[in-house]
Amino acid sequence: FILQKINQEPKERHIHAGFQVYVDGRVQDFSESKYMSLIVCEKEVDQAKKTRRQIQIEKAHLHDNVGDVVHSEREGAVWRDLFKNLNFKIDQAKSSDGYVNGKKVANIFAYPINAYDSTVIFIGRSDKKLLKNSVTRKRIREVEKEGIEC
């Protein structure tokens, strides 16, 4: 029989999802330049020559100072990937709750990033009343229409 090489890297895709993070009831602002990614916009990079770091960033990133819509260009991306790439440290001593499309999910940081999902993460104090402020599908589509190519 023939042995087939298994591709270890996740396949490419291009999706968007909305998100918010509340720490002890205060929404976090991810629209600052320090959270934005530039590396994924390098369209001329040969796929075979991409570094592990480039591939990691493609899993989940932000750009154009939009801090509430994540871009994911690799299958298998989970919410932990976004916060790793943002260098946003999650206080492990505090409890965290995650909601996707208004429904509570277990282990939000291992939950997949899916197209048009709206995710709300509470670190520390949770307040389900804040779910009404979650990013809408309309907002995600507005970001897509702004002509972001990467």
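Anything mentioned here points back to the structure above.
Residues numbered from 1 in each chain as written. Predicted model: local features only at pLDDT ≥ 70, side-chain atom pairs only at ≥ 80, totals over all residues. Heavy atoms only, no water.

Re the overall build of the protein chain
Here is step 1: Secondary structure summary: the protein chain contains 3 helices and 6 strands in total.
Here is step 2: In the protein chain, which comprises 150 residues, the share counted as buried stands at 44%.
Here is step 3: Put simply, the protein chain shows about 9200 Å² of open surface, and 49% of that area lies on carbon and sulfur atoms. (Helix = DSSP H or I, 4+ residues; strand = E, 2+ residues; numbered from the N terminus. Buried < 20%, exposed > 50% of the residue type's maximum accessible area, 1.4 Å probe, protein only. Areas by Shrake-Rupley, 256 points an atom, 1.4 Å probe, with all protein chains shown as cover.)

Concerning the packing of aromatic side chains
Here is step 1: Under the defined criterion, the tally for this structure stands at 10 aromatic pairs.
Here is step 2: Relative to F30, the ring of F19 lies with its centre 5.6 Å away and its plane at 45 degrees, an arrangement referred to as tilted. Of this pair, F19 sits in strand β1 (residues 12-23) while F30 sits in the loop between β2 (26-27) and α1 (52-59), and the two are 11 residues apart along the sequence. This pair shows no difference in class: F19 is buried, exactly as F30 is.
Here is step 3: With 5.1 Å between their ring centres and 75 degrees between their planes, F30 and F88 make a pair best called edge-to-face. Residue F30 is located in the loop between β2 and α1, and its partner F88 is located in the loop between α2 (79-85) and β4 (96-100); the two are separated by 58 residues in the primary sequence.
Here is step 4: Judged by relative accessible area, F88 falls into the buried class, the value being 14%.
Here is step 5: Ring pairs connect the aromatic residues F19, F30, Y35, W79, F83, F88 and F109, which therefore count as one cluster.
Here is step 6: Sitting above the plane of the Y116 ring, R141 keeps its charged end 4.5 Å from the centroid. (Phe/Tyr/Trp six-rings, centres within 6.5 Å; stacked < 30°, edge-to-face > 60°. Lys NZ or Arg CZ within 6 Å of the ring centre and 35° of its normal.)

Side note on the environment of L131
Here is step 1: Here L131 shows up in the loop between β6 (118-123) and α3 (137-145).
Here is step 2: Ignoring anything within four residues of it in the chain, the contact list for L131 reads Y99, G102, V120 and F122. (Contact = heavy atoms within 4.5 Å.)

With respect to the side chain of Q56
Here is step 1: Mapping Q56 onto the fold places it in helix α1.
Here is step 2: By relative accessible area, which is 11% here, Q56 ends up buried.
Here is step 3: Polar side-chain contacts of Q56 include one of 3.1 Å to the side chain of D81.
Here is step 4: If sequence neighbours within four positions are ignored, Q56 has contacts with D81, K84 and N85. (Polar contact = N/O pair within 3.5 Å; in protein donor to acceptor, adjacent residues only side chain to side chain.)

Just distances and angles here, no functional claims.
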